[in-house]
There are 2 protein chains.
Amino acid sequence: MLVGVVDSERRIVYRATAPSHGLRQDELLETLERELRTARQARPDVVAAGLGIPCTIDRQRGVAIVAVNLEIADVPVRELMTERLGLPVFLDNDANVAILAEHRFGAARGARNAVMLTIGTGIGGGLIVDGRLYRGSTGAGAELGHTVIDADGPRCQGNCPNRGCVEALASGTAIAREGLAAAQAAPGSALGRALADGVELDGREVTDAALAGDETAQEVLEVIGTRLGVAFSSLANIFDPDVIVIGGGASRAGELLAGPAREELASRALPPMSGTPVTTAELGPDAGLIGAATMALLELDGG
Amino acid sequence: MLVGVVDSERRIVYRATAPSHGLRQDELLETLERELRTARQARPDVVAAGLGIPCTIDRQRGVAIVAVNLEIADVPVRELMTERLGLPVFLDNDANVAILAEHRFGAARGARNAVMLTIGTGIGGGLIVDGRLYRGSTGAGAELGHTVIDADGPRCQGNCPNRGCVEALASGTAIAREGLAAAQAAPGSALGRALADGVELDGREVTDAALAGDETAQEVLEVIGTRLGVAFSSLANIFDPDVIVIGGGASRAGELLAGPAREELASRALPPMSGTPVTTAELGPDAGLIGAATMALLELDGG
């Protein structure tokens, strides 16, 4: 859980993180309330809270409906948090707010049609269609992480009943899994030595090792990037977008992930979609934070 | 090539077919011109021609850009045919006009968001987003037949460089291929006897045999429908649409194809998208014909 206070110039003036994975629903809501209180104590001039949750959202009622990777179901988060904090609270899907930020201020600026995948524990999806956020007929759409790339592939994670989704094969969880296998196969690599030292190899550790030059970790990101590229070829053929943006924590990997993804897209998609630009979020892993604040401000101003 | 004359009540008052597959570009254009002339001689009150071509279209210039399954590239079809026929001619992608017809008069009537796959030699795609035809940023989008369902699957057909597209695995060409294999494996089936009688088993023959009750042919359509369902699970997760429509020649198979596709979608997609209605085109294989005429009338009226 990434918590921040964003000022009117989009500067992040307070930042904190708290673990959310594996928490029960009541623990999750308590953590959220505590973190929001702490942030507000640090910056008492806060005027509203915007929450980007990796979850299907009923925006009219402010309810978190169902999540693949979080224990949360049918919770009236807006009402609960507004009451507990005495602040206006607004919520939306985390990848929706991330692409909102990238569309306004980042890599998708000026795009008529844009696609964003946010890579963390799972893979979230955000869509800009004809210049506006696309949510689908019931508001549960743009679940781009659950685009199948291998019909007979591994079971997807969490509550997703599908097989071979790009989330199952290229999320942070998949980076960690492939990183562990690579570390075991190459004990002399930086990744292998980290494993021997008892480091728990998550997506962050693998990305850090790759950025520090470890070839074994870089090969892991190449495999993951290539898998992303398969999904991008479908999404490019479907949307013919101006740009595809990689966001979330893994976007720190930059070209180590975007390069192979772009190459795979170029070799698979139909022309002219094969030339669709692929880039990482300009706001980096903070796209969600800045987007959630932007969303709250827009809502305060009446949408 | 399906050629028809449609009256203002959407009745098809003339109908003809001509083979187009395997023709060179000049032969294709000659066939098109000849068929349009013959149609016009049969119904001299024709006011315009609308062409739905399985091809990327530059609508502003009326140019057929590039096709997966036709020998056509960068041809100014609108100008050529307008000159040769002395009639206003308009063109669009075949699946775009098919969903236009289904959205106005058929299975997607009233839908805010709808997805259509037209299954013929290849698989075309049509998208209604927020009530309007979606074409993508360059106009080449909605190529839904080139949604990957198996990253390591067979090479796609024609000019598509991809692997494991739903077109490669569930088009009419795939129905024919699977039908041949099934006929060889079950020589006592209707399909097997047809093969022994020297019948060339194309998608139409397999569909006819299935509709007539041949279990072997029905099993082929079940396999194909299940593969369609994998693509539908991606498209439902992405679009959260009101309806998914199966069109093209194979739509005659009705529930034999839609049933397994709906079941596979239900078992794979996230809720609530798992409940997305799946249906065959109400206008059947004529959706493209009626849509092309509708498009031409709309264009005559100034779009």
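Residues numbered from 1 in each chain as written. Chains lettered and ligands numbered in written order. Predicted model: local features only at pLDDT ≥ 70, side-chain atom pairs only at ≥ 80, totals over all residues. Heavy atoms only, no water.

Draft legend 1. Representation of the packing of helix 8 (residues 215-239) of chain B against helix 9 (residues 255-268) of chain B within the structure. Residue and element names in this part refer to chain B. One can describe the packing of helix 8 onto helix 9 by two numbers: an axis separation of 6 Å at closest approach and a directional angle of 40°. When the axes of helix 8 and helix 9 are compared, the pair comes out oblique. Where helix 8 crosses over helix 9, the handedness of that crossing is right-handed. Contacts from Gln218, Leu221, Glu222, Ile224, Gly225, Thr226, Leu228, Gly229, Val230, Phe232, Ser233 and Ala236 in helix 8 reach Leu256, Leu257, Pro260, Ala261, Glu264, Leu265 and Arg268 in helix 9. Per-class residue counts for the contact of helix 8 with helix 9 are 11 nonpolar, five polar and three charged. (Axes fitted to C-alpha atoms, helices over the stretch in contact; angles between N-to-C directions. Helix = DSSP H or I, 4+ residues; strand = E, 2+ residues; numbered from the N terminus. Parallel < 35°, antiparallel > 145°, perpendicular 65-115°, else oblique. Left-handed = near helix turned anticlockwise from the far one by under 90°. Contact = heavy atoms within 4.5 Å. Nonpolar A, V, L, I, M, F, W, Y, C, P; charged D, E, K, R; others polar.)

Draft legend 2. Just the sheet that holds strand 6 (residues 73-75) of chain A, in detail. Residues and elements named next belong to chain A. On the basis of which strands lie adjacent, the open sheet formed by three strands has the order 4-5-6 and antiparallel pairing. The sheet is open, and its two edges are formed by strand 4 (56-58) and strand 6, each paired on a single side. Between one strand and the next, the sheet's axes are offset by a mean angle of 25°, whatever the strand orientation. Pairing of strand 5 (residues 63-66) with strand 6 involves two bridges; the strand directions are antiparallel. Bridge pairing in strand 6 places Ala64 opposite Val75. (Pairing = 2+ DSSP bridges.)

Draft legend 3. Seen up close, the sheet that holds strand 12 (residues 278-280) of chain A. Residues and elements named next belong to chain A. The five strands are arranged 10-9-8-11-12 in an open sheet whose pairing can be described as mixed. The open sheet has two edge strands with one neighbour each: strand 10 (132-133) and strand 12. Bridge count between strand 8 (residues 114-119) and strand 11 (residues 243-247): five bridges; the pairing is parallel. Looking at strand 11, one finds that Val115 is bridged to Ile244. Helix 3 (residues 94-105) rests against strand 8, strand 9 (123-129), strand 10 and strand 11 of the sheet, and its axis sits at about 50° to strand 9.

Draft legend 4. Inspection of the interface of chain A and chain B at higher detail. Listed per partner, the contact involves 44 residues of chain A and 44 residues of chain B. In total, chain A and chain B occlude about 3400 Å² of area from one another, counting both sides; carbon and sulfur atoms represent 52% of this. Taken together, the links from chain A to chain B amount to zero salt bridges. Linking chain A with chain B are 34 residue pairs in polar contact (both at pLDDT 80 or more). Looking at which element gives the most residues to the side of chain A that touches chain B, the answer is helix 8 (residues 215-239) of chain A, with seven residues. Considering only residue class, the side of chain A that touches chain B consists of 23 nonpolar, 13 polar and eight charged. (Buried area = accessible area lost by both parts, 1.4 Å probe. Salt bridge = Lys/Arg side-chain N within 4 Å of Asp/Glu carboxyl O. Polar contact = N/O pair within 3.5 Å; in protein donor to acceptor, adjacent residues only side chain to side chain.)

Draft legend 5. Examining the nonpolar core more closely. Core analysis: the largest hydrophobic core is formed by 110 residues, its most contacted members being Leu228 and Phe239 of chain A together with Leu228 and Phe239 of chain B. Ignoring any residue separated from it by four or fewer positions in sequence, one finds Leu228 of chain A in contact with Leu117, Ile119, Ile123, Val166, Ala170, Ile246, Leu257 and Ala261 of chain A. (Core = buried A, V, L, I, M, F, W, Y, C linked by side-chain atoms within 4.5 Å. Buried < 20%, exposed > 50% of the residue type's maximum accessible area, 1.4 Å probe, protein only.)

Draft legend 6. View of the pattern of salt bridges. All names here are of chain A. What the rule picks out here adds up to 34 salt bridges over all chains. The salt bridge involving Arg24 is made with Glu27; its shortest N-O contact spans 3.3 Å. On the basis of relative accessibility, which here comes to 27%, the residue Glu27 falls in the partly exposed class. For Glu33, the salt bridge is made with Arg37, and the minimal N-O distance between the two is 2.8 Å. Of this pair, Glu33 and Arg37 both sit in helix 1 (residues 25-42), four residues apart, roughly one helical turn. What makes Glu33 buried here is its relative accessible area of 15%. Under the relative-accessibility criterion, Arg37 is labelled partly exposed at 36%. Through salt bridges with shared partners, one network takes in Arg59, Asp92, Arg135 and Glu299.

Draft legend 7. A look at the pairing of strand 1 (residues 2-6) of chain B. All names here are of chain B. What you see with strand 1 is a clean split: Val3 and Val5 sit on the buried side and Leu2, Gly4 and Val6 on the side with no burial. Where strand 1 and strand 2 (residues 12-17) come together, five bridges link them in antiparallel fashion. Directly across from Leu2, in strand 2, lies its bridge partner Thr17. Hairpin connection of strand 1 to strand 2: five residues between the antiparallel strands, including Arg10 at a positive phi of 70°.

Draft legend 8. Spatial organisation of unusual backbone geometry. In this structure, the amide linkage connecting Pro271 of chain A to the following residue, Pro272 of chain A, adopts the cis form with an omega of 5°. Here Pro272 of chain A is to be found in the loop between helix 9 (255-268) and strand 12. Of note in this structure, Asp240 of chain A is not a glycine but carries a positive phi near 45°. Tracing the backbone shows Asp240 of chain A in the loop between helix 8 and strand 11. Despite not being glycine, Asp74 of chain B shows a phi value in the positive range, around 55°. Note on placement: Asp74 of chain B falls in strand 6 (residues 73-75).

Draft legend 9. Highlighting the relation of the copies chain A and chain B. Laying chain A over chain B is done by rotating through 180° and shifting 0.0 Å along the axis; what remains is an RMSD of 0.0 Å. The superposition of one copy onto the other is thereby described by a two-fold rotation axis. Considering only C-alpha atoms, the part of chain A nearest the rotation axis is Asp150 of chain A, at 2.2 Å. Looking at chain A, 100% of its interface residues are interface residues in chain B too, so the copies touch through the same face. (Least-squares fit on C-alpha atoms with pLDDT ≥ 70 in both.)

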